[in-house]
Structure formats: structure tokens, C-alpha cells
Amino acid sequence: MTDRLPHTLRSDARDNRERILDAARALFSTDGLDVPMREVARHAEVGPATLYRRFPTKQMLVAEAFADQLNACRAIVDEGCADPDPWRGLCLVIERICELHARDRGFTEAFLSSYPEVKDVAAGREYTVKAVADLAQRAKEAGRLRSDFVLDDLILVLMANKGIRATSTAGQIKASRRFAALVIQAFEACPQHAPLPPAERLASAAPESA
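Rules used in this analysis
- Residues numbered from 1 in each chain as written.
- Predicted model: local features only at pLDDT ≥ 70, side-chain atom pairs only at ≥ 80, totals over all residues.
- Heavy atoms only, no water.
- Phe/Tyr/Trp six-rings, centres within 6.5 Å; stacked < 30°, edge-to-face > 60°.
- Helix = DSSP H or I, 4+ residues; strand = E, 2+ residues; numbered from the N terminus.
- Buried < 20%, exposed > 50% of the residue type's maximum accessible area, 1.4 Å probe, protein only.
- Lys NZ or Arg CZ within 6 Å of the ring centre and 35° of its normal.
- Salt bridge = Lys/Arg side-chain N within 4 Å of Asp/Glu carboxyl O.

Caption draft 1: The packing of aromatic side chains, seen in detail. Applying the stated criterion to the full structure yields four aromatic pairs. Look at F28 and F66: their rings are 6.2 Å apart centre to centre, the planes differ by 35°, and that puts the pair in the tilted class. Taken as a pair, F28 in helix α1 (residues 5–31) and F66 in the loop between α4 (58–65) and α5 (67–82) lie far apart in primary sequence, 38 residues in all. This pair shows no difference in class: F28 is buried, exactly as F66 is. Pairwise contacts between aromatic rings join F28, F66, F107 and F111 into one cluster. In this structure, R74 is placed above the aromatic ring of Y127, and the distance from its NZ or CZ to the ring centre is 3.7 Å.

Caption draft 2: Inspection of the environment of L33 at higher detail. You can see L33 is positioned in the loop between α1 and α2 (37–44). On the basis of relative accessibility, which here comes to 5%, the residue L33 falls in the buried class. In the structure, L33 is positioned 77 residues away from A110 in sequence and 7.5 Å away in space, judged by C-alpha atoms.

Caption draft 3: Examining the pattern of salt bridges more closely. Under the definition given, this model contains twelve salt bridges. The salt bridge partner of D83 is R88, with a shortest N-O separation of 2.9 Å. Ionic pairing is found between D148 and R146, a salt bridge with its closest N-O pair at 2.7 Å. With relative accessibility at 48%, the residue D148 sits in the partly exposed group.

Caption draft 4: A look at unusual backbone geometry. For E45, which is not glycine, the phi dihedral falls at a positive 60°. With respect to the element layout, E45 can be found in the loop between α2 and α3 (48–54).

Quick look at the structure:
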């Protein structure tokens, strides 16, 4: 009995940690990062002391909750930068990052917020920004990206993409794809006006005319 007790405690601790992270992801994604830590604890069905023992600050909780998204973001940027055609690579980055952020409103807030004390978030954001800046410069030199593009334009895209509200996650992703296509046409030095992806009915849209 004594030999099995430590294993049981470790198992309980792991279960608590996963419940906390699942609750944080759900709440941050639907309500943003302003959700109180006590609400995360309540949603996870653990006491506040348990939550703070695992994650002493909200910044640490945010970083761990969105670790997978940060890794996915880096993988997208790496794939775009590896493309020998820098414009095509930049288009891939815009499309896929918009979709990634459309799935999680909380992740966009985490990515755009400044948490210097959480090294993983800060380092991941710095890596992404530098890689995209280099890719954009190559696309300009190839004559495909408009010369007056600045990196802050991509930040504006993420902020606008975060505001998309549809009746479902699938709807948000569909709307985000159309938005990304519009953005790409706006960024292209000589837009070719390719057909846009299908539109999605949004929560704030006016009713269709009869």
C-alpha cells in the first residue's frame, strides 16, 4: 500500500494539470485572456491552491495552454520560409496562420501580448516575427510583395482576423480563409484577383435580401 501511494499522487497531479489546461484552453479561446484564474479553477473542478501550485501566474498558464499552437505557428513559418518562391511561401504563412488564430481567440491574444517573463512565448513570437520579416523582404525583392508593406500590416491582419465571429468554429475558419485571400490580394504588388473562397454568414451580417 505504501509503495503504491506516490504513484497515485503523481497520477492525481497529472490529472489535475490536464484538467486545468483543458479548462484554460476552453475559456481563453471563447472568452479571451481576461478570464480570472479562479474561474479556470472552478471550470477545472480543482481548488485555487491546486491551480496556483501548478501555475503560479496566469502568464505561465497561458504559455503552457498554447504551447501546441506556438509550435504549430513556428512549423508554418518554417514551411513558408523553406519554399523557394518567397511570395508563395508568404501566402502560405498568411493563410495558415490566419486559420490557426481563427480556431483560438485566446491564442491570438497570447501571441500579441507581451509576457517577457515567460521565455517560451517571448522567444516564439520573436522567432516568428523575424522569420516572416525576412520572408517578406525576399518577396519584395522578387517583385511580388508591394514595396510599402511593413510587418505591422501583418499584425493588423491578426487583430482583424481575431474579430471574426461566426456561429461555429468551422464557420470562423471558412470566413478566415476568405479574409486571408482578400489580404493576399491587397498585399500583392500586381494583384491578379483570383477567385475568392466561399463566403460565410457572420453573426453581425445583415439579413440577405429576399
